[in-house]
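One letter stands for each residue in the lines below.
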Amino acid sequence: MSFKSKLGQAVLPAVVLASLALPALAHPGHPGGEPVAAGFAAGFTHPFGGFDHLMAMLAVGLWAIQQSGKTPRALWLLPAAFVLPMGAGFALGLAGIALPGVEAGIALSVLILGLLVAFAVRPPLVAGMAVTALFALLHGHAHATEIGDASQALTYAGGMLLATAGLHGLGIAGAHLAQRLSLPLLTRSAGAAVALVGLVILVG
């Protein structure tokens, strides 16, 4: 396969992702918006409802594959460093404990995670997990402030965390497929598209 063909296959998904992202950057339930329904089904579907959460979670999966080339344990430790702190952030939000700059932090998480994938940055695993965990706290806190019925918080959290792990898995699967096709540029292009979403959220 020629370089031009590989480049076209790599850039096309990024363009598609970016074009889909622009009209759907925000979703109901963020602070100041309408609360969302509670329960397992609501928690499971909610991460799919906005590109800020969706892109960040996919980016973690993409980054985990990139990191696993240097440190195999990163394949599961990076996603775990998002899922578990996200649950902690959810608990903080549910308890009414405020975190500073949640919305800006979520937008930054999309931008920074996208850039990390786009440039295939491979820091020490502990540092990568710390960055991931910090962003996950903010995402979890935002989800807690969106819940409509706190009496169903546990089932909502269960659905939310399961969906989050699934989105990480999708990112891992996509990056793994790109590796098998010898198209690492495909993964990096997807990271660039994620970063573009984060940038649009920040300036929007």
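Residues numbered from 1 in each chain as written. Predicted model: local features only at pLDDT ≥ 70, side-chain atom pairs only at ≥ 80, totals over all residues. Heavy atoms only, no water.

Here we look at the overall build of the protein chain
Right, on to step 1. Looking only at helices and strands, the protein chain has 8 helices and 0 strands in total.
Right, on to step 2. Helices and strands appear in the protein chain in the N-to-C order α-α-α-α-α-α-α-α.
Right, on to step 3. Of all 204 residues assigned to the protein chain, the portion counted as buried reaches 48%.
Right, on to step 4. Taking contacts inside the protein chain between residues at least 6 apart in sequence as the whole, the part at least 24 apart equals 86%. (Helix = DSSP H or I, 4+ residues; strand = E, 2+ residues; numbered from the N terminus. Buried < 20%, exposed > 50% of the residue type's maximum accessible area, 1.4 Å probe, protein only. Contact = heavy atoms within 4.5 Å.)

Remarks on the packing of aromatic side chains
Between two aromatic rings, the relevant description is the distance of the centres plus the angle of the planes.
Right, on to step 1. Scanning the model with the defined rule gives 3 aromatic pairs in all.
Right, on to step 2. Here the aromatic rings of phenylalanine 40 and phenylalanine 44 are separated by 6.3 Å at their centres, their planes lie at 20°, and the arrangement is stacked. One end of the pair, phenylalanine 40, and the other, phenylalanine 44, are both in helix α2 (residues 40-45), 4 residues apart, so they sit about a helical turn from each other.
Right, on to step 3. A relative accessible area of 43% means that phenylalanine 40 is categorised as partly exposed.
Right, on to step 4. Judged by its relative accessible area of 32%, phenylalanine 44 falls in the partly exposed class.
Right, on to step 5. Where phenylalanine 44 meets phenylalanine 48, the ring centres are 5.9 Å apart and the plane angle is 45°; that geometry is what we call tilted.
Right, on to step 6. With relative accessibility at 40%, the residue phenylalanine 48 sits in the partly exposed group.
Right, on to step 7. These aromatic residues form a ring-pair network of at least three members: Phe40, Phe44 and Phe48. (Phe/Tyr/Trp six-rings, centres within 6.5 Å; stacked < 30°, edge-to-face > 60°.)

Observations concerning the environment of glycine 128
Right, on to step 1. Following the sequence through the fold, glycine 128 ends up in helix α6 (residues 125-146).
Right, on to step 2. In the structure, glycine 128 is positioned 47 residues away from alanine 81 in sequence and 8.9 Å away in space, judged by C-alpha atoms.
Right, on to step 3. Beyond its immediate chain neighbours, meaning those up to four positions away, glycine 128 contacts Trp63, Leu78 and Pro123.

What to know about helix α3 (residues 51-68)
Right, on to step 1. Across its 18 residues, α3 extends 25 Å between first and last C-alpha, which sits within 8% of the 26 Å expected from 1.5 Å per residue.
Right, on to step 2. Burial within α3 is extensive, with 18 of its 18 residues counted as buried. (Expected span 1.5 Å × (residues − 1).)

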